[in-house]
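Listed below are the residues making up each chain.
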Number of protein chains: 2
Amino acid sequence: MATIAVLGAGVMASALTNPARDNGHEVRLVGTHLDDDVIASVRATGLHPNLGVVLDAGVKPYYFSQAADAFAGADVVMVGVNSFGIDWMGEQLRRLLVPGQRVLVVTKGLQADADGSLHILPEVLQRAVGPVAEQVTWQAVVGPCLAAELAVRRDACVVFTGPDQASLDSLARLYRTSYYHVWTSTDFIGHEVGAATKNVFAFAQGFAAGILRANGWEDSPHQLLNYMSGLFAQGSREVHSYIALLGGDPTSGDGLGGVGDMYVTSMGGRNVKAGALVGEGIPFSEVRDVRMKGVTLEGVAAIVVIGGALQRLTERGLVAPGDFPLTRFLYDVVVHDAPLVIPWSSFFGGEPV
Amino acid sequence: MATIAVLGAGVMASALTNPARDNGHEVRLVGTHLDDDVIASVRATGLHPNLGVVLDAGVKPYYFSQAADAFAGADVVMVGVNSFGIDWMGEQLRRLLVPGQRVLVVTKGLQADADGSLHILPEVLQRAVGPVAEQVTWQAVVGPCLAAELAVRRDACVVFTGPDQASLDSLARLYRTSYYHVWTSTDFIGHEVGAATKNVFAFAQGFAAGILRANGWEDSPHQLLNYMSGLFAQGSREVHSYIALLGGDPTSGDGLGGVGDMYVTSMGGRNVKAGALVGEGIPFSEVRDVRMKGVTLEGVAAIVVIGGALQRLTERGLVAPGDFPLTRFLYDVVVHDAPLVIPWSSFFGGEPV
């Protein structure tokens, strides 16, 4: 039996209490300062309001003010905030982490320096927490796993990734169940970059639905699946190229942390919905400021961060101007309200004319 | 201006008359002996009954008995039968091909020798046609392109592949339009194997819908997208492995001819429908013999051919017993009515216990 402290009571981290509890571990679910309502609900009835399910009765809910108590004696610390909270999370972990703990990062994303250098979030956290970074082990979970399905124990396949195989093996053993299938990989960069960059392309998978709506083609026998698949294939190419650019193993993009994750992300969610509005012909600024005001769009945020970094990296000569054409186009759509004219001929290395 | 003879008036080959005609080429659409109704309809009204659209008025329909007339003077010969007709096609091409012609194969699949050796269909055709094989050039088209969408000129991205770059360039120029986006690749094996093997996995993408139906979960907020994505990711891994096994470039599996094509194939069609019936709990033999009797299932046929070949290749020591676990499982489902218990732990190189 292990003791697992979870910081951040978001849907993904909370759903992950299922396999942990089903294996008999002690699970301490610690809300952030923004999660007080969630923790109050879990304490009162077990219901996680954003997941819509009652968590296992053994999950121990903690308010943020009790975080140090929850971390004391924990073997594993799971990091479950969204990517916007990563700097805040670094500050908290700096004071909360205890030497010997194993950190499992759920949050996905990349952070860019002013010169365009991109970093995976576990690296950002390691820098933020200071000396204790060397006294804990760092791992992350990637792969196609919607929280809502995990919350009701539907099958999911994921990868635990980190630099140390022994740590991965022991962590994976804590979580494997009949429905939560865990593989391990030491290609930390490759898997984290794949999982972060695939979010860029979910937005583009929404365009087709919007175009169909705008044209009254929703019930047409002729959909836009070829269009969607062309975008998916170019997205896959760019995910593989990002992995190579940042020094990971591009073949990690072939599996769960790459195209597998991109597949589930393409099936729906907020970024796809935002893309559909753009597909209808609505400028993205109006989607952001009016139609979906206040809605967290992690995929769009990834486009802004990565697309912006690409410009710096191109200026520095580290990326060719013709590389990552779909990311660059999506950046223009979300930052400059570019019209939805897909630059097909720039894809796949460029189509000769 | 070029003259293009199309042998086989199936939906894909017929839809491809659009870009050819839009570029002003002469297009001769030759039905097989099974296509007389189609040719009669196209001659009478232009309507292709299986596509449900009227073909360009300039398409010249030919009955099979007129095939030699159609081939005479053609610069390009497109091979458009389904994979079950490939041996028949070889016999026809043997007498019809004229030295100097460029052959573009639309048909997808692999053929297995008795010892399990697998061959791409252009290779099968080359063997079948005899000496004239050396006097023509061989190319194929792959990528995510549903015929119904191409028939109404919706965007599609494809790859023309073959051993000779100059032939590919000239062929691609004949077909590129504002909606039909053509790239080229000399990784003939890689693209053909990717396009053929991706069909194996479409069947598995249907399972989830059947499971949801059988459980009355169709309208549940909790679907089986994680389950589908795990199968997709393993399918992607196996596509890449097949490409490597047959001597192609595995990175061809990352793009249009691999995961891009698998994506569109996963979105629907007959193989997905058959998989859904299995997902409901119906043994595949009943699906084949009763529920979908007489329906052509190219994906299931690919499972039978490739899964059978894997057994031979494993006996010969050319493939490890643990390789291609999803294909082997699907083979057991379609050949032995195996129950739908996904062997998750065998995926991705095997999950340590």
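Residues numbered from 1 in each chain as written. Chains lettered and ligands numbered in written order. Predicted model: local features only at pLDDT ≥ 70, side-chain atom pairs only at ≥ 80, totals over all residues.

1. As for the overall build of chain A
Inference 1: Helices and strands together make up the secondary structure of chain A, namely 16 helices and twelve strands.
Inference 2: A globule of 353 residues ought to have a C-alpha radius of gyration of about 20 Å, and chain A, at 20 Å, matches this closely.
Inference 3: Reported as C-alpha extents along the three principal axes, the dimensions of chain A are approximately 65 × 45 × 35 Å.
Inference 4: Looking at chain A as a whole, 57% of its 353 residues qualify as buried. (Helix = DSSP H or I, 4+ residues; strand = E, 2+ residues; numbered from the N terminus. Rg over C-alpha atoms; globule rule 2.2 N^0.38 Å. Buried ≥ 20, exposed ≤ 12 C-beta atoms within 10 Å, placed from the backbone.)

2. Brief notes about the domain arrangement of chain A
Residue and element names in this part refer to chain A.
Inference 1: Per the domain assignment, the segments of chain A are domain 1 (3–186) and domain 2 (195–346).
Inference 2: For the side of domain 1 that touches domain 2, the secondary-structure elements that each account for two or more residues are strand S8 (110–112), strand S9 (118–120) and strand S11 (156–161).
Inference 3: A total of three residues in the side of domain 1 that touches domain 2 trace back to one element, the largest contributor, which is S11.
Inference 4: For the side of domain 1 that touches domain 2, the residue count by class is ten nonpolar, six polar and two charged. (Domains from an automatic or database assignment. Nonpolar A, V, L, I, M, F, W, Y, C, P; charged D, E, K, R; others polar.)

3. Digging into unusual backbone geometry
All names here are of chain A.
Inference 1: One non-glycine residue, phenylalanine 348, lies in positive phi territory at about 55°.
Inference 2: Along the chain, the position of phenylalanine 348 falls in the segment after helix H16 (325–336).
Inference 3: Residue phenylalanine 348 is classed as buried on the basis of its C-beta count, with 22 C-beta atoms lying within 10 Å.

4. Observations concerning helix H11 (residues 225–245) of chain B
Residue and element names in this part refer to chain B.
Inference 1: Between its terminal C-alpha atoms H11 stretches 30 Å, which fits the 30 Å expected from 21 residues at 1.5 Å a residue.
Inference 2: Summarising burial for H11: 18 of the 21 residues are buried, a large majority.
Inference 3: Following H11 by one or two positions, glycine 247 adopts a phi angle in the positive range, close to 95°. (Expected span 1.5 Å × (residues − 1).)

5. Considering the relation of the copies chain B and chain A
Inference 1: Each copy of the sequence occupies a distinct position, and chain B is placed on chain A by a rotation of 180° and an axial shift of 0.0 Å, giving an RMSD of 0.0 Å. The relationship between the two copies is best expressed as a two-fold rotation axis. Among all C-alpha atoms of chain B, that of Asp254(B) lies closest to the rotation axis, at 3.4 Å.
Inference 2: Interface overlap between copies is the fraction of interface residues in one copy that are interface residues in the other; for chain B against chain A it reaches 100%, indicating a shared surface. (Least-squares fit on C-alpha atoms with pLDDT ≥ 70 in both. Contact = placed C-beta atoms within 7 Å.)

6. Brief notes about the pairing of strand S7 (residues 102–105) of chain A
Looking along a regular strand, one sees the side chains alternate between the two faces of the sheet.
All names here are of chain A.
Inference 1: Where burial is concerned, the two faces of S7 agree: the one with Arg102 and Leu104 and the one with Val103 and Val105 are both buried.
Inference 2: Pairing geometry for strand S6 (residues 76–79) and S7, over four bridges, is parallel. Paired with valine 77 across the two strands is valine 103, which belongs to S7.
Inference 3: The β-α-β motif built from S6, the intervening helix H5 (residues 86–96) and the parallel element S7 has right-handed crossover chirality.
Inference 4: Of the pairings in the sheet, the one linking S7 to strand S10 (residues 137–142) comprises four bridges and is parallel in character. Within S10, the residue paired with valine 103 across the bridge is tryptophan 138. (Pairing = 2+ DSSP bridges. Right-handed = clockwise from strand over helix to strand, strands pointing away.)

7. A look at the sheet that holds strand S5 (residues 60–62) of chain A
Residue and element names in this part refer to chain A.
Inference 1: Strand order across the open sheet formed by eight strands is S5-S2-S1-S6-S7-S10-S11-S12, with mixed pairing between neighbours. Edge positions in the open sheet fall to S5 and strand S12 (180–185), since each of these has one partner strand only. Mean inter-strand twist for the sheet, computed between neighbouring axes without regard to direction, equals 25°.
Inference 2: Bridge count for strand S1 (residues 3–7) against strand S2 (residues 26–30) is five bridges, and the pairing is parallel. Directly across from isoleucine 4, in S2, lies its bridge partner valine 27.
Inference 3: Contacts between helix H8 (residues 165–175) and the sheet are confined to S6, S7, S10, S11 and S12, with S12 contributing the most and set at about 180° to the helix.
Inference 4: In this fold helix H12 (residues 256–266) packs onto S10 and S11, with an angle of close to 145° to the strand it touches most, S11. (Axes fitted to C-alpha atoms, helices over the stretch in contact; angles between N-to-C directions.)

8. Some points on the environment of Gly58(B)
Residues and elements named next belong to chain B.
Inference 1: In this fold, glycine 58 is placed in the loop between strand S4 (53–54) and strand S5 (60–62).
Inference 2: Along the backbone, glycine 58 and histidine 25 are 33 residues apart, and their C-alpha atoms lie at a distance of 9.1 Å.
Inference 3: Every residue in contact with glycine 58, bar those within four places of it in the chain, is listed here: Arg21 and Val27.

9. A closer look at H5(A)
Working note: α-helix, 3.6 residues per turn, so residues spaced by three or four point in the same direction.
Residue and element names in this part refer to chain A.
Inference 1: Among all positions of H5, only Met89, Gln92, Leu93 and Leu96 are buried. Taken end-on, H5 shows its buried residues confined to a sector of 100°, consistent with a single buried face. Of the exposed residues in H5, the ones pointing more than 90 degrees away from its buried face are Asp87, Glu91 and Arg95.
Inference 2: Buried residues in H5 make contact with S1, helix H4 (67–71), S6 and helix H6 (121–129). (Arc of directions from axis to C-beta.)

10. Describing the sheet that holds strand S11 (residues 156–161) of chain B
Residues and elements named next belong to chain B.
Inference 1: Overall, mixed pairing links the eight strands, which are arranged S5-S2-S1-S6-S7-S10-S11-S12 in an open sheet. In the strand order of this sheet, the two ends are held by S5 and strand S12 (180–185), each with one partner. With direction set aside, neighbouring strand axes in the sheet form an average angle of 25°.
Inference 2: Direction of pairing for S11 relative to S12: parallel, over a ladder of six bridges.

11. Some words on the interface of chain B and chain A
Inference 1: At the interface, 44 residues of chain B touch 44 residues of chain A.
Inference 2: Listing elements by their share of the side of chain B that touches chain A, those giving two or more residues are helix H7 (147–151), S11, S12, H11 and helix H12 (256–266) of chain B.
Inference 3: Among the elements that make up the side of chain B that touches chain A, the one with the highest residue count is H11(B) (ten residues).
Inference 4: For the side of chain B that touches chain A, the residue count by class is 24 nonpolar, 13 polar and seven charged.

12. Remarks on the packing of helix H9 (residues 188–205) of chain A against helix H13 (residues 270–279) of chain A
Helices that pack against each other are described as a pair by the angle of their axes relative to one another and the distance between those axes.
Residue and element names in this part refer to chain A.
Inference 1: Running from N to C, H9 and H13 point in directions that differ by 40°, and their axes come no closer than 6 Å. Judged by the angle between their axes, H9 and H13 are oblique. Here H9 runs over H13; the crossing is right-handed. Across the interface between the two elements, Asn199, Ala202, Phe203, Ala204 and Gln205 of H9 pack against Asn271, Val272, Ala274 and Gly275 of H13.
Inference 2: Of the residues assigned to the contact of H9 with H13, the class counts are five nonpolar, four polar and no charged. (Parallel < 35°, antiparallel > 145°, perpendicular 65-115°, else oblique. Left-handed = near helix turned anticlockwise from the far one by under 90°.)

13. Some remarks on the confidence of the model for chain A
Inference 1: Put simply, chain A has an average pLDDT of 96, and 100% of its residues get 70 or more.
Inference 2: Under the prediction, the complex receives an ipTM of 0.97, its pTM being 0.97. (pLDDT = per-residue confidence, 0-100.)

14. A word on the environment of Met262(A)
Inference 1: Note that Met262(A) resides in helix H12.
Inference 2: With sequence-adjacent residues up to four places away left out, Met262(A) is seen in contact with Lys198(A), Phe201(A), Gly235(A), Ser236(A) and Val239(A).

15. Some words on the nonpolar core
Inference 1: In terms of nonpolar packing, the biggest core is built from 248 residues, with Met78(A) and Val79(B) touching the most fellow members.
Inference 2: Aside from chain neighbours lying at most four places away, what touches Met78(A) is Ile4(A), Val6(A), Leu7(A), Ala13(A), Leu16(A), Leu104(A) and Val106(A). (Core = buried A, V, L, I, M, F, W, Y, C linked by C-beta atoms within 7 Å.)

16. Considering the environment of Gly258(B)
Inference 1: Along the chain, Gly258(B) turns up in helix H12.
Inference 2: Not counting chain neighbours up to four residues away, the residues in contact with Gly258(B) comprise Gly194(B), Lys198(B), Val239(B), Ser252(B) and Gly253(B).

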